[in-house]
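Structural overview
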Amino acid sequence: MVTKGGFSLIELTVVIGLISLLTLAITSALLMSVVSSNRIRTATKIKQAGNFALDQMQGLIRNARNVDTCDSAGGSITVNNPDGGTTTLTQESDGNYTRVASNSGIYLTPSNLEVTNFTLACTPSDSTPSLITITFDLHDPQNLSSRESPTLHFETAVNLRN
(Lines give C-alpha, C1' and ligand atoms only; values in the text may rest on other atoms or scores of the structure.)
Protein backbone atom coordinates (compact mmCIF):
# COMPACT_ATOMS: atom_id res chain seq x y z
CA MET A 1 0.00 0.00 0.00
CA VAL A 2 1.36 3.34 -1.02
CA THR A 3 0.63 6.37 1.13
CA LYS A 4 0.83 9.81 -0.31
CA GLY A 5 2.77 12.45 1.64
CA GLY A 6 1.74 16.11 1.77
CA PHE A 7 -0.93 18.34 3.17
CA SER A 8 -4.58 18.51 2.39
CA LEU A 9 -6.21 21.65 1.02
CA ILE A 10 -7.94 22.33 4.35
CA GLU A 11 -4.67 22.15 6.26
CA LEU A 12 -3.01 24.60 3.85
CA THR A 13 -5.97 27.00 4.05
CA VAL A 14 -5.88 26.99 7.87
CA VAL A 15 -2.13 27.64 7.94
CA ILE A 16 -2.38 30.49 5.41
CA GLY A 17 -5.24 32.03 7.41
CA LEU A 18 -3.26 31.87 10.65
CA ILE A 19 -0.19 33.39 9.01
CA SER A 20 -2.35 36.20 7.59
CA LEU A 21 -3.82 36.99 11.01
CA LEU A 22 -0.38 36.97 12.59
CA THR A 23 0.99 39.29 9.88
CA LEU A 24 -1.94 41.66 10.33
CA ALA A 25 -1.41 41.81 14.11
CA ILE A 26 2.34 42.47 13.76
CA THR A 27 1.78 45.17 11.11
CA SER A 28 -0.84 46.88 13.26
CA ALA A 29 1.43 46.89 16.30
CA LEU A 30 4.32 48.27 14.24
CA LEU A 31 2.16 51.03 12.77
CA MET A 32 0.87 52.04 16.21
CA SER A 33 4.46 52.16 17.45
CA VAL A 34 5.47 54.54 14.64
CA VAL A 35 2.45 56.83 15.25
CA SER A 36 3.13 56.85 18.99
CA SER A 37 6.80 57.64 18.41
CA ASN A 38 5.90 60.59 16.15
CA ARG A 39 3.40 61.90 18.70
CA ILE A 40 5.94 61.69 21.53
CA ARG A 41 8.63 63.38 19.42
CA THR A 42 6.26 66.22 18.46
CA ALA A 43 4.99 66.64 22.04
CA THR A 44 8.58 66.84 23.30
CA LYS A 45 9.47 69.47 20.71
CA ILE A 46 6.37 71.53 21.62
CA LYS A 47 7.03 71.20 25.37
CA GLN A 48 10.65 72.33 25.02
CA ALA A 49 9.66 75.34 22.90
CA GLY A 50 6.86 76.34 25.29
CA ASN A 51 9.07 76.01 28.36
CA PHE A 52 11.78 78.11 26.68
CA ALA A 53 9.28 80.87 25.88
CA LEU A 54 7.88 80.81 29.43
CA ASP A 55 11.38 80.93 30.94
CA GLN A 56 12.34 83.92 28.79
CA MET A 57 9.15 85.83 29.63
CA GLN A 58 9.47 85.01 33.33
CA GLY A 59 13.06 86.23 33.41
CA LEU A 60 12.25 89.48 31.61
CA ILE A 61 9.27 90.27 33.84
CA ARG A 62 10.77 89.11 37.14
CA ASN A 63 14.00 91.09 36.66
CA ALA A 64 12.32 94.22 35.27
CA ARG A 65 12.62 97.50 37.13
CA ASN A 66 8.91 97.98 36.73
CA VAL A 67 6.00 97.32 34.40
CA ASP A 68 5.43 100.30 32.14
CA THR A 69 2.16 99.12 30.57
CA CYS A 70 0.12 95.97 30.93
CA ASP A 71 -2.70 95.51 28.45
CA SER A 72 -4.63 92.45 29.56
CA ALA A 73 -7.26 92.97 26.86
CA GLY A 74 -4.69 93.33 24.06
CA GLY A 75 -2.35 90.66 25.39
CA SER A 76 0.81 92.75 25.68
CA ILE A 77 3.11 93.95 28.40
CA THR A 78 5.94 96.51 28.35
CA VAL A 79 8.61 96.32 31.04
CA ASN A 80 11.55 98.56 31.89
CA ASN A 81 14.69 96.44 31.90
CA PRO A 82 17.53 96.73 34.44
CA ASP A 83 19.71 98.30 31.70
CA GLY A 84 17.18 101.13 31.17
CA GLY A 85 15.70 99.79 27.93
CA THR A 86 12.14 98.63 27.44
CA THR A 87 10.84 95.31 26.17
CA THR A 88 7.33 94.65 24.94
CA LEU A 89 6.01 91.10 24.88
CA THR A 90 3.03 90.38 22.66
CA GLN A 91 1.50 87.89 20.26
CA GLU A 92 2.04 88.63 16.57
CA SER A 93 1.89 86.95 13.20
CA ASP A 94 5.09 86.38 11.25
CA GLY A 95 3.15 85.91 8.01
CA ASN A 96 2.71 82.17 8.47
CA TYR A 97 1.91 81.51 12.11
CA THR A 98 1.12 83.42 15.26
CA ARG A 99 4.08 83.59 17.64
CA VAL A 100 5.13 85.22 20.90
CA ALA A 101 7.45 88.13 20.13
CA SER A 102 9.36 90.94 21.78
CA ASN A 103 9.86 94.43 20.36
CA SER A 104 13.54 93.62 19.78
CA GLY A 105 12.52 91.56 16.78
CA ILE A 106 13.09 88.27 18.52
CA TYR A 107 10.44 85.59 18.51
CA LEU A 108 10.29 83.48 21.63
CA THR A 109 8.53 80.59 19.91
CA PRO A 110 9.88 78.71 16.86
CA SER A 111 8.71 79.47 13.33
CA ASN A 112 7.16 76.01 12.82
CA LEU A 113 4.87 76.14 15.90
CA GLU A 114 1.75 78.25 16.36
CA VAL A 115 0.62 80.06 19.49
CA THR A 116 -3.09 80.25 20.30
CA ASN A 117 -5.08 81.57 23.27
CA PHE A 118 -2.27 83.91 24.39
CA THR A 119 -3.37 85.91 27.43
CA LEU A 120 -1.71 88.17 29.97
CA ALA A 121 -3.50 88.94 33.20
CA CYS A 122 -2.16 91.71 35.41
CA THR A 123 -3.31 91.78 39.03
CA PRO A 124 -4.43 93.67 41.00
CA SER A 125 -4.83 96.02 37.98
CA ASP A 126 -3.31 96.84 34.61
CA SER A 127 -1.95 100.15 35.93
CA THR A 128 -0.17 98.78 39.02
CA PRO A 129 0.44 95.07 38.53
CA SER A 130 2.33 93.00 41.05
CA LEU A 131 1.49 89.61 39.58
CA ILE A 132 1.48 88.77 35.86
CA THR A 133 -0.20 85.56 34.70
CA ILE A 134 0.82 84.30 31.26
CA THR A 135 -1.08 81.53 29.44
CA PHE A 136 -0.92 80.19 25.90
CA ASP A 137 -1.39 77.05 23.86
CA LEU A 138 1.21 75.77 21.43
CA HIS A 139 0.81 73.27 18.59
CA ASP A 140 2.41 72.17 15.32
CA PRO A 141 0.11 73.20 12.45
CA GLN A 142 2.16 71.24 9.91
CA ASN A 143 0.99 67.94 11.41
CA LEU A 144 -2.56 67.58 10.18
CA SER A 145 -3.32 64.55 12.33
CA SER A 146 -4.54 65.60 15.77
CA ARG A 147 -3.31 62.27 17.13
CA GLU A 148 0.25 63.08 16.10
CA SER A 149 0.24 66.78 16.97
CA PRO A 150 -1.09 67.56 20.43
CA THR A 151 -1.86 71.08 21.60
CA LEU A 152 -0.06 71.76 24.86
CA HIS A 153 -1.15 74.38 27.40
CA PHE A 154 1.40 76.57 29.19
CA GLU A 155 0.72 78.80 32.16
CA THR A 156 2.77 80.65 34.73
CA ALA A 157 2.44 83.47 37.23
CA VAL A 158 5.30 85.92 37.77
CA ASN A 159 5.78 88.19 40.78
CA LEU A 160 7.68 91.38 40.17
CA ARG A 161 10.96 91.27 42.04
CA ASN A 162 11.73 95.00 42.03
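Above this note sits the structure.
This section reports on the structure supplied with the text. (Residues numbered from 1 in each chain as written. Predicted model: local features only at pLDDT ≥ 70, side-chain atom pairs only at ≥ 80, totals over all residues. Heavy atoms only, no water.)

Quick look at the sheet that holds strand 1 (residues 66-71)
Two modes of strand pairing occur in sheets, parallel and antiparallel, and in both the strands are linked by backbone hydrogen bonds. Pairing is antiparallel in the open sheet, where four strands are placed in the order 1-2-3-4. A single partner strand is all that each edge strand has here, and the edge strands are strand 1 and strand 4 (98-102). Pairs of neighbouring strands in the sheet enclose a mean axial angle of 15°, with direction left out of account. Strand direction decides the pairing type here: strand 1 and strand 2 (residues 76-80), joined by five bridges, are antiparallel. Among the inter-strand pairings, D71 is bridged to a residue of strand 2, identified as S76. Together, strand 2, strand 3 (86-93) and strand 4 form the strand contacts of helix 1 (residues 9-62), whose direction differs from that of strand 3 by roughly 150°. (Pairing = 2+ DSSP bridges. Helix = DSSP H or I, 4+ residues; strand = E, 2+ residues; numbered from the N terminus. Axes fitted to C-alpha atoms, helices over the stretch in contact; angles between N-to-C directions. Contact = heavy atoms within 4.5 Å.)

Quick word on the nonpolar core
Of all hydrophobic cores here, the largest spans 25 residues; its most connected members are M57, I77, I134 and F136. Those elements that place two or more of their residues in this core are helix 1, strand 1, strand 2, strand 5 (114-123), strand 6 (131-139) and strand 7 (152-159). Broken down by element, the residue count for this core peaks at six residues, all from helix 1. With near-sequence residues (within four places) excluded, M57 lies in contact with L89, V100, L108, F118, I134 and F136. (Core = buried A, V, L, I, M, F, W, Y, C linked by side-chain atoms within 4.5 Å. Buried < 20%, exposed > 50% of the residue type's maximum accessible area, 1.4 Å probe, protein only.)

Brief notes about a nonpolar patch on the surface
Taken together, I10, V14, L18, L21 and L24 make up a surface patch of nonpolar side chains, about 540 Å² in accessible area. For L21, the location among the structural elements is in helix 1. Accessibility expressed as a relative area gives 57% for L21, which makes it exposed. (Patch = residues over 30% accessible without salt bridge, like charges linked within 9 Å, V, L, I, M, F, W, Y side chains within 5 Å. Areas by Shrake-Rupley, 256 points an atom, 1.4 Å probe, with all protein chains shown as cover. Salt bridge = Lys/Arg side-chain N within 4 Å of Asp/Glu carboxyl O.)

Considerations on the packing of aromatic side chains
Per the counting criterion, the structure on display carries two aromatic pairs. Relative to F136, the ring of F118 lies with its centre 6.4 Å away and its plane at 40°, an arrangement referred to as tilted. Taken together, the residues F118 in strand 5 and F136 in strand 6 connect sequence positions 18 residues apart. Residue classification places F118 among the buried residues on the basis of a relative accessible area of 8%. (Phe/Tyr/Trp six-rings, centres within 6.5 Å; stacked < 30°, edge-to-face > 60°.)

Observations concerning unusual backbone geometry
Between T123 and P124 the backbone carries a cis peptide bond, its omega angle lying at 10°. One can find P124 in the loop between strand 5 and strand 6. Although it is not a glycine, N117 adopts a positive phi angle of roughly 55°. For N117, the position within the fold is in strand 5. For N117, a relative accessible area of 55% corresponds to the exposed category.

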